[in-house]
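Now for the letters of each chain:
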Amino acid sequence: MRRSIIAGVGGALPDRVVTNQELADMMDTSDAWIVERSGIRERRWVDCEMGGSDLALAASQQAVAQAGLSVKDIDCIVFATLSPDYNFPGSACLLQDLLELPGIAALDVRNQCSGFIYSLSVADAWIRCGQYDCVLVVGAEVHSTGLDKTTRGRDVTCLFGDGAGAVLLTAGDLGEVGERGLLSTHLHADGKYAKALWVEAPGSRLYPDRLNQQMLAEGKHYTQMQGRRVFSHAIKYLPQVILQGLTANGLSLDDMDLLVPHQANLRINEAAAKVLGISMDKVYSNIERYGNTTAASIPLALRDAEEEGRIHRGDLLVLASFGAGFTWASAVLRW
Ligand code: UT7
């Protein structure tokens with residue numbers, strides 16, 4: 001029986017650090033407000049023309065090197081992003097070209113903050129059914145070029161940052177890898193809330209123009225978010241989907257060594273931990289450094305957690321996300 005193993009993990013961030021104080025110089029906000037409401041102290045923004053695919057390249061190379069494999073071993077790319085380099089073609093194709101892997105499959109996944117776990121689930125299914133042996137799963141975002149840097153956009157702009165994370169998923173035989181590998185994924189969505197967190201324009205259904213001066217003046221090309229609504233659903237569904245993943249494997253919270261949640265807001269993860277009755281010692285966080293990097297946040301967190309010695313071979317990890325769509329998901333894995 002085949003199982004997917006995370007053989008390597010990598011991350012990449014733009015060099016430019018943007019502190020809360022820098023945001024306060026651009027708009028009516030403050031370091032104290034941002035830290036108190038979100039736990040974020042700084043984030044990274046690109047400072048030149050750079051797409052998510054460029055950040056993804058560096059993250060992918062690190063993941064491949066860590067796995068002790070070669071880029072040539074990759075036989076499929078799954079790329080999660082809500083900020084693709086272009087409307088089309090997808091960023092997976094661009095990354096495939098940067099990696100010089102013509103001909104291999106390249107798929108974009110558009111499930112926002114849950115994009116990485118959705119991608120992991122697709123890659124895992126392909127590996128288990130024998131279609132591919134080595135799948136690169138990437139989450140990458142460049143938010144900064146799409147943020148309203150005036151007071152009008154302060155609720156959203158203070159939260160989001162740029163970055164990329166990647167894992168290399170390889171096939172292992174259950175007999176060889178023992179307990180190691182991806183045990184399950186659980187995916188959910190509720191499109192009734194699509195407009196609670198969205199970017200409206202440009203959109204093909206906007207008639208007769210996808211984008212016009214009026215839309216630009218109204219800021220419809222920027223992310224619009226009903227923050228409290230997102231928050232209340234996140235703290236309801238995150239604990240549910242975490243428990244769903246553990247229960248499906250006959251496991252409990254006591255078996256979990258570390259929860260690696262999507263990094264949207266420290267308060268969301270604290271509230272979820274409280275509902276679950278677990279200590280924040282069991283919940284990984286790096287949001288203070290990067291803000292919300294959407295599809296990149298979980299692989300970046302895995303990369304950092306491993307570098308910081310927070311995860312070890314054999315540990316039971318739960319990955320969990322909630323975000324636009326609404327979408328929410330969890331993955332249970334033995335590292
Ligand atoms: O990956 C999923 C993506 N998104 C999320 O997970 C976001 C979920 N939501 C949140 O994280 C929170 O709702 C926010 C951090 C966005 C906002 O925190 P909040 O405690 O829910 O604040 P609020 O939206 O109720 O706003 C409180 C006040 C408002 O002023 P008034 O109406 O009370 O005068 C806002 O205008 O704070 C104001 N405000 C700000 N003030 C300073 C909103 N953004 C800012 C800001 N700086 N950046």
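Bear in mind that the values here come from a model prediction, so they are computed numbers and not experimental data.

Q: Mind showing me how you'd approach the state of the cysteines here?
A: Two cysteines form a disulfide when their sulfur atoms are joined by a covalent bond. One pass over the structure, following the stated rule, counts zero disulfides. Free of any disulfide, cysteine 76 has its nearest cysteine sulfur in cysteine 134, 9.7 Å distant. With a relative accessible area of 5%, cysteine 134 lands in the buried category.

Q: How should the pairing of strand β13 (residues 327–334) be read in this particular structure?
A: Sheet faces and side chains relate simply in a regular strand, where the side chains alternate between the two faces. With eight of eight residues buried, β13 is to be regarded as a mostly interior element. Here β13 shows no split at all, with Thr327, Ala329, Ala331 and Leu333 on one side and Trp328, Ser330, Val332 and Arg334 on the other all buried. As paired strands, strand β8 (residues 181–189) and β13 are joined by eight bridges and run antiparallel to one another. Bridge assignment links glycine 181 to a residue of β13, and that residue is arginine 334. Relative to β13, strand β12 (residues 316–323) runs antiparallel, the two sharing eight bridges. Note that in β13 the partner of leucine 319 across the bridge is alanine 331.

Q: Sorry if this is basic, but what is going on with the site of the ligand here?
A: Near the ligand, the surroundings consist of 22 residues, among which Thr29, Arg37, Cys113, Arg228 and Asn265 are the closest. Arginine 37 is positioned with one of its side-chain polar atoms (N or O) 2.7 Å from an oxygen atom of the ligand. In the environment of the ligand, an oxygen atom lies 2.6 Å from a nitrogen or oxygen atom belonging to the side chain of arginine 228. At a threshold of 2 Å from the grid points, most atoms of the ligand map onto the second largest pocket. Breaking the shell around the ligand down by element, the ones donating at least two residues are α2 (31–38), α6 (154–157), α9 (227–248) and α10 (266–276). When residues in the shell around the ligand are grouped by element, the largest group, four residues, is from α9. Structurally, the shell around the ligand is a two-domain feature, drawing no fewer than three residues from each of domain 1 (2–177) and domain 2 (181–334).

Q: What should I look at first to understand the pattern of salt bridges in this one?
A: A side chain with one charge may pair with a side chain of the opposite charge, provided their charged atoms come close. Inspection of the entire model under this criterion finds 13 salt bridges. Close ionic contact of lysine 192 with aspartate 190 constitutes a salt bridge, the shortest N to O distance being 3.2 Å. The buried category is assigned to aspartate 190, whose relative accessible area is 19%. Between arginine 303 and aspartate 304 there is a salt bridge whose closest N-O contact spans 2.9 Å.

Q: Honestly, the sheet that holds β8 in this entry has me stumped. Any pointers?
A: Consider a sheet: its strands pair through backbone hydrogen bonds, and that pairing is either parallel or antiparallel. Spatially, the four strands line up as an open sheet ordered β8-β13-β12-β11, and their pairing is mixed. Each edge of the open sheet carries a strand with a single partner, namely β8 and β11 (258–261). Averaged over all pairs of adjacent strands, the angle between strand axes in this sheet comes to 15°, irrespective of strand direction. Packed onto the sheet, α9 meets β8, β11, β12 and β13 and runs at close to 150° relative to β12.

Q: Looking at this structure, I do not really get the nonpolar core. What am I missing?
A: Nonpolar side chains tend toward joint burial in soluble globular proteins. Of all hydrophobic cores here, the largest spans 43 residues; its most connected members are Ile242, Leu259, Ile278 and Phe322. Elements that contribute at least two residues to this core include exactly α9, α10, β12 and β13. The greatest single-element share of this core, amounting to eight residues, is contributed by α9. Looking at which domains feed residues into this core, each of domain 1 (2–177) and domain 2 (181–334) supplies at least three. Those residues in contact with isoleucine 242 that sit more than four places away from it in its chain are Leu253, Leu259, Leu276, Val318, Ala320 and Ser330. Among the nonpolar cores identified, the runner-up in size contains 31 residues, and Val9, Val78, Leu120 and Leu317 belong to it.

Calculation criteria
Residues numbered from 1 in each chain as written. Predicted model: local features only at pLDDT ≥ 70, side-chain atom pairs only at ≥ 80, totals over all residues. Heavy atoms only, no water. Disulfide = S-S within 2.5 Å. Buried < 20%, exposed > 50% of the residue type's maximum accessible area, 1.4 Å probe, protein only. Helix = DSSP H or I, 4+ residues; strand = E, 2+ residues; numbered from the N terminus. Pairing = 2+ DSSP bridges. Near = heavy atom within 4 Å. Polar contact = N/O pair within 3.5 Å; in protein donor to acceptor, adjacent residues only side chain to side chain. 1 Å grid on protein atoms, 1.4 Å probe; cavity = no way out; pocket = protein on both sides within 12 Å on 5 of 7 lines; lining within 4 Å. Sits in = over half its atoms within 2 Å of the grid points. Domains from an automatic or database assignment. Salt bridge = Lys/Arg side-chain N within 4 Å of Asp/Glu carboxyl O. Axes fitted to C-alpha atoms, helices over the stretch in contact; angles between N-to-C directions. Contact = heavy atoms within 4.5 Å. Core = buried A, V, L, I, M, F, W, Y, C linked by side-chain atoms within 4.5 Å.

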